[in-house]
Amino acid sequence: MTTITIPEGMPQYGDVPRLDVEKVRADFPILGREVNGHPMVYLDSGNTSQKPRQVIDAMREHYEHHNANVARSVHQVGTEATEAYEGARAKVARFVNAARPEEIVFTKNATEAINLVAYAISNSPAGSRLAFGPGDEIVISEMEHHSNIVPWQLLCERTGATLRWFRVTDAGRLDLESLDEVVNERTRLVSYALVSNVLGTINPTSAITARAREVGALVLLDASQAAPHIPVDVADLDADFLAFTGHKMCGPTGIGVLWGRYELLERMPPVLGGGSMIETVTMERSTFAAPPARFEAGTPPIAEAVGLGAAVDYLTGIGMEAIRWHEKELAAYALDALATVPGLRVFGPTTPVGRGGTISFGLDGIHPHDVGQILDSLGVEVRVGHHCARPLCVRYGVPAMTRASFYLYTTTGEVDALVRGLDQVRKVFG
Amino acid sequence: MEFEQLYQEIILDHYKHPHGRGLREPFAGEAHHVNPTCGDEVTIRVNAEGDVLRDISYDGMGCSISQASASVLHELLRGQQAGHAFEIVDGFVELMGGRGQVTPDEELLGDGIAFAGVARYPARVKCALLPWMAFKDAAVRAGVAGSTESGSEVKA
């Protein structure tokens, strides 16, 4: 064995920021519970993450001391609530390096964020820059979550545009060989996942964005599985829209985020009409507020925004680089450990490069439901099924997969518990 | 172990060694049901002679619970008078809807009683019912009189 010294000036291994996983775990009350008589091994963070005490406390504090409606109250408590809500918007803006807080639209979840863009497009008057029609093309990929497939299918039905997609290679990467053909002068929008919710693949952006710019297409990135796990910088990504959800990043359910370039948001017509999104209302017609209020009709998820703000503070405090590195090490450990299980096939990248800590696999003719059920009896919580990405399952020729997804609080000991559980599964069904 | 309530030996046995599996001719009615949450599929064919269910053939793809359930269904219903077959179907549906509170009638349900434990796992009840709901549809298409309840709960 020879040791290679990393030349000075290159990033050194020791420079990588770290996190203390036991200290992190102490922040998550639920991680102390048992499931079916075993310590809970929660490997379903890609589905929803657990919440640290800091987030739970921030929401309780809001309800106990600052609860009022936002943006319309002149009283003290209303002012506090509005400041908390807008403060959360500013925190989220900083978290993704948005140019200004007004580029952050709070939605119900990432699904609603994507639908908001799709409906704003079809609500745009014919002839305007955002209007789509027959002959126009929308590009997605075969590894998308249903939430980044169905809204575009529906938009195509409403406008006559055509849906196209990147294929996925056997190794679980986007097949970009035909990039210049798939993204062409007819393409109006390219929308794909920054990180796959099934394969864990971290998708490349610069080649796709460069091609989209060349043909004048918009780029939307589904960052639902990225924002919780890796640093996301919208200036660096050079996208037009970014969608993600609060509950997968230590925040509460019921709140998601659409980031959009302000000049685009300004051009988008409203999608939902109601209170808070107007400028002036007469009985005949209305004019609309500037973004983001234009897209936030009705009372928004206020306490949830406060919770998401606390989640962003929490993640920033730990450090997104440290979280990325922690999950990279876990993925490397888990890929090696899973390779020892006879009959196990990993779907997606089998090396911990260009991938996150989400690993889907199949086990030799044993249905994922059965795998998940035996694992649950041992306290190991995984997701089974098609993961809202049925076309991807079809791509790999399986009806369903078993998925283990890690987060900042996951330990190598939990990966060991998964592997032991899989031995038990093979005993029962072997 | 907890899972032993769910995975009775009888269920595992039917899963590993299914009875009467495979689609056969002739048949008078066929139905294909899918559980959209997990992708499990089953196709059931019913061949009736007068009031007697001469053959029930099936094929499918899915978890041990759904596939073992199809095997048990074949065992229990093939060769039965339609009226009795639907009594068995109703008994099985009642058992599965009972959240573990229904005492199964072994006389009526035979190996089907092994599914009593499944009723305690709401996430898996649909797996067990999938072939039974497909059977109901196939029977209607085969013109076999029986219960008029629809299988809509499986598609929910």
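Just so we're clear, the structure is a prediction, and the values are computed from it rather than from any experiment. (Residues numbered from 1 in each chain as written. Chains lettered and ligands numbered in written order. Predicted model: local features only at pLDDT ≥ 70, side-chain atom pairs only at ≥ 80, totals over all residues. Heavy atoms only, no water.)

Undergrad: Just checking my understanding: could you explain helix α4 (residues 82-96) of chain B for this structure?
TA: Residues that lie three or four places apart on an α-helix share one face, since the helix turns once every 3.6 residues. Residue and element names in this part refer to chain B. Over its 15 residues, α4 runs 21 Å from end to end, which matches the ideal 21 Å to within 8%, given 1.5 Å per residue. What α4 keeps buried is the set Ala82, Ala85, Phe86, Ile88, Val89, Gly91, Phe92, Val93, Leu95 and Met96. If you follow the buried residues of α4, they end up packed against β3 (52-61), α3 (64-77), α5 (106-109) and α6 (122-141). (Helix = DSSP H or I, 4+ residues; strand = E, 2+ residues; numbered from the N terminus. Expected span 1.5 Å × (residues − 1). Buried < 20%, exposed > 50% of the residue type's maximum accessible area, 1.4 Å probe, protein only. Contact = heavy atoms within 4.5 Å.)

Undergrad: Please clarify how the UniProt feature "domain: NIF system FeS cluster assembly NifU N-terminal" (unreviewed entry) in chain B should be interpreted in this entry.
TA: Under the feature "domain: NIF system FeS cluster assembly NifU N-terminal" (unreviewed entry), the UniProt entry names residues 7-127 of chain B. Between the end C-alpha atoms of residues 7-127 of chain B the distance is 13 Å, and the span holds 39% helix and 22% strand. (UniProt positions renumbered as here; feature names shortened; annotations may be inferred.)

Undergrad: Looking at this structure, how should I read the packing of aromatic side chains?
TA: A full pass over the atoms with the stated rule returns 9 aromatic pairs over all chains. Aromatic side chains Tyr85 of chain A and Phe106 of chain A sit 5.3 Å apart centroid to centroid with 55 degrees between the ring planes, which places their arrangement in the tilted category. Of this pair, Tyr85 of chain A sits in helix α3 (residues 76-95) while Phe106 of chain A sits in strand β4 (residues 104-107); the two residues are 21 residues apart in sequence, bridging distant segments of the chain. A ring pair is formed by Phe92 of chain B and Phe115 of chain B, whose centres lie 5.6 Å apart and whose planes are at 70 degrees; its orientation type is edge-to-face. Of the two residues, Phe92 of chain B is situated in helix α4 and Phe115 of chain B in the loop between α5 and α6; the sequence distance between them amounts to 23 residues. You can call Phe92 of chain B buried: its relative accessible area is 0%. Look at Phe115 of chain B and you get buried, because its relative accessible area is 0%. By way of ring pairs, the aromatic residues Phe28, Tyr314, Tyr407 and Tyr409 of chain A are connected into one cluster. Its guanidinium or amino end placed over the ring of Tyr119 of chain A, Arg158 of chain A lies 3.7 Å from that ring's centre, counting from NZ or CZ. (Phe/Tyr/Trp six-rings, centres within 6.5 Å; stacked < 30°, edge-to-face > 60°. Lys NZ or Arg CZ within 6 Å of the ring centre and 35° of its normal.)

Undergrad: Help me understand the environment of Val312 of chain A, please; the structure alone is not making it clear to me.
TA: All names here are of chain A. With respect to the element layout, Val312 can be found in helix α10 (residues 302-318). Looking at Val312, the relative accessible area reads 3%, which means it is buried. In sequence terms Val312 and Gly430 are 118 residues apart; their C-alpha atoms lie 45 Å from each other. When sequence neighbours within four positions are dropped, the list of residues in contact with Val312 reads Lys91, Val92, Phe95 and Met249.

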